[in-house]
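Structural features, examined
Residue strings, one per chain:
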Amino acid sequence: MMAGCGGGGSSSSTTTPGATTTGPTLLSLAVTPVDPTLAIGLSQQFSVTGTYSDGTTADLTSSAKWTSGGTAVSILFSTGLATGKTAGVETVTATVGSLVATSKLTVKAPFTAIATGGLHTVALKADGSLFSWGKNLAGQLGDGTNTDRWLPTQVGTVKTWAKIACGEFHTVAIRTDGSLWAWGSNLSGQLGDGTQVNKAAPTKIGTGTTWVAVMAGKSHTVALKKDGTLWAWGNNTSGQLGDGTTDPRTAPVQTGVLKNFITNWTAFSAGDSHTVGQRADGTIWSWGSNGNGQLGLGTTSDVNVPTQIGPSASDRWLSVSAGGQHALAIRSDGALFAWGADGSSQLGIEPRAGDVASPTQVGVDTHWTIAKAGEKYNLAVKSDGTLWAWGSNSMGQLGDGTILDKSPPLLIGSDKTWLAISPGREHSFAFKADGSLWGWGSNTEGQQGNGTAGSAVLTPINLP
């Protein structure tokens, strides 16, 4: 916020409309809110308050002249209502007589969250609406059809979506009221509605309203309740649900009951047929398929209950992420670790030694802040905001302009404003600090959302 005094200071005789010349003098203006942020298409109401020489104040919003200097916002000059038009930062100015006051308005791109699946993509807008695009054979786009979409298409008319996740052919989401919804393929019961029937539109799962996070694997789903309990459903042939069995589940069952891990889960991630999770004490755990050592337990035997991952029981971790048959984790000191399958160099460990069954550090850098595992590749961000990628690159999913696998981690471009990343099977999306959404990789089914299908996108392209 900036307040101004016109006419050289206190000698100003500017008054409000209708005021007499013998009344108190208007000394200063203040615009509120101070330096707000909004998304393209949304609006922000500004107001201006005047302070007078006798200490009184008045709302001068309707009598002020409102202006904006660029193209990022449009503003109603009579009311101070600004609407975001394009991404950028713009100064909104209120003028009363010779006094002016300003506020900076930051306009960000409309999408605030992104999830990449096998051949489809789902994104959340700032207004709570949900959009999807790509392959739709099983109804995973949620628009009530089985028609593929090459451009972002709104999922119904609801604008209360809060969290989203994509499996290979299904989608799950949480609304602001804490309710859980799912749609798409349901052959393994991964939607959790008690059936094995595909759904082409969002279907409410149970009656609970305390869901706070959800993740989707290839054909299983995991979700967290507000009380810290973890629940899972769908395919369980390798014990990936963590309920102590290998029985399939078509409705949510609690994970880890056999070991009394009841209320302290904080984060989790689902791979093809394994799951990893993090507890409130910073320890990480895994369960499910382990043929490639993807559980990080030093063995290749499947486990159907949560089991702590080393290498040291005293280690504390910042995050953990499950890929197809591998996993990544960032330790509390910023060091990056990987384990599991390495057939496409997805572990990033040099020299390569095949599959690795225990957490092994990737390089020597200790500045990693985000690391997400895709099917056979990874995306990561360092503390300086740079983007890195490695592993399978047959469809350009690394974003380096080639289709050659890469190891160790490779710097992608020179930008230092990456904030969020989402690797899928063979396509990727990420956000920059300005809220802009960027995609690259496979586009065989229109999963880039750019209006075409076919050719891969080899470097990050902005999706408006």
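Up top is the structure these notes are about.
What comes next is a walk through the structure.

Okay, the nonpolar core next. In terms of nonpolar packing, the biggest core is built from 21 residues, with Leu29, Val48, Trp66 and Leu105 touching the most fellow members. Taken together, the elements giving at least two residues each to this core come down to β2 (26-32), β5 (47-52), β8 (73-75), β10 (88-96) and β11 (99-108). The element contributing the most residues to this core is β11, with 4 residues. For Val48, the contacting residues outside a window of four places in its chain are Leu29, Ala30, Val31, Ala58, Asp59, Leu60, Thr61, Ala64, Trp66 and Ala94. The next biggest cluster of nonpolar side chains, apart from the first, holds 14 residues, and it includes Val356, Ala371, Ala373 and Trp388.

Another aspect to go through is the side chain of Ser238. Mapped onto the fold, Ser238 is located in the loop between β22 (230-234) and β23 (249-254). Discounting chain neighbours no more than four positions away, the residues touching Ser238 are Thr246, Ser273, Gly288, Ser289, Asp302 and Val303.

With that settled, the discussion passes to the environment of Asp143. Looking at where Asp143 falls in the secondary structure, it is placed in the loop between β14 (130-134) and β15 (149-154). Classification of Asp143 as buried rests on a relative accessible area of 19%. When sequence neighbours within four positions are dropped, the list of residues in contact with Asp143 reads Asn136, Arg149, Thr153, Gln154 and Ala200.

On to the packing of aromatic side chains, then. Throughout the structure, instances matching the rule amount to 13 aromatic pairs. Measuring from ring centre to ring centre gives 6.0 Å for Trp133 and Phe429, while their planes differ by 75°; the resulting arrangement is edge-to-face. Residue Trp133 is found in strand β14, and its partner Phe429 is found in strand β37 (residues 427-432); the two are separated by 296 residues along the sequence. Residue classification places Phe429 among the buried residues on the basis of a relative accessible area of 0%. Counting every residue linked through ring pairs, the aromatic cluster contains Phe111, Phe131, Trp133 and Phe429. Across the ring face of Trp161, the terminal group of Arg175 is positioned such that the distance to the ring centre comes to 4.5 Å. Between the NZ or CZ atom of Lys225 and the centre of the ring of Trp211, over which it lies, the distance is 5.1 Å.

Next up on the list: the side chain of Ser129. Among the structural elements, Ser129 can be located in the loop between β13 (120-125) and β14. A polar side-chain atom of Ser129 sits 2.6 Å from a polar atom in the side chain of Asp127.

Peptide bonds are mostly trans, and most non-glycine residues show a negative phi. Residue Pro351 follows Glu350 across a cis peptide bond; omega there is -5°. When you line up the elements, Pro351 lands in the loop between β30 (336-340) and β31 (356-361). Ser407 connects to Pro408 through a cis peptide bond whose omega is 0°. Among the secondary structure elements, Pro408 is positioned in strand β35 (residues 406-412). The phi dihedral of Asp35 falls on the positive side, at around 50°, and the residue is not glycine. When its relative accessible area of 39% is taken as the criterion, Asp35 is described as partly exposed.

What counts and how
- Residues numbered from 1 in each chain as written.
- Predicted model: local features only at pLDDT ≥ 70, side-chain atom pairs only at ≥ 80, totals over all residues.
- Heavy atoms only, no water.
- Core = buried A, V, L, I, M, F, W, Y, C linked by side-chain atoms within 4.5 Å.
- Buried < 20%, exposed > 50% of the residue type's maximum accessible area, 1.4 Å probe, protein only.
- Helix = DSSP H or I, 4+ residues; strand = E, 2+ residues; numbered from the N terminus.
- Contact = heavy atoms within 4.5 Å.
- Phe/Tyr/Trp six-rings, centres within 6.5 Å; stacked < 30°, edge-to-face > 60°.
- Lys NZ or Arg CZ within 6 Å of the ring centre and 35° of its normal.
- Polar contact = N/O pair within 3.5 Å; in protein donor to acceptor, adjacent residues only side chain to side chain.

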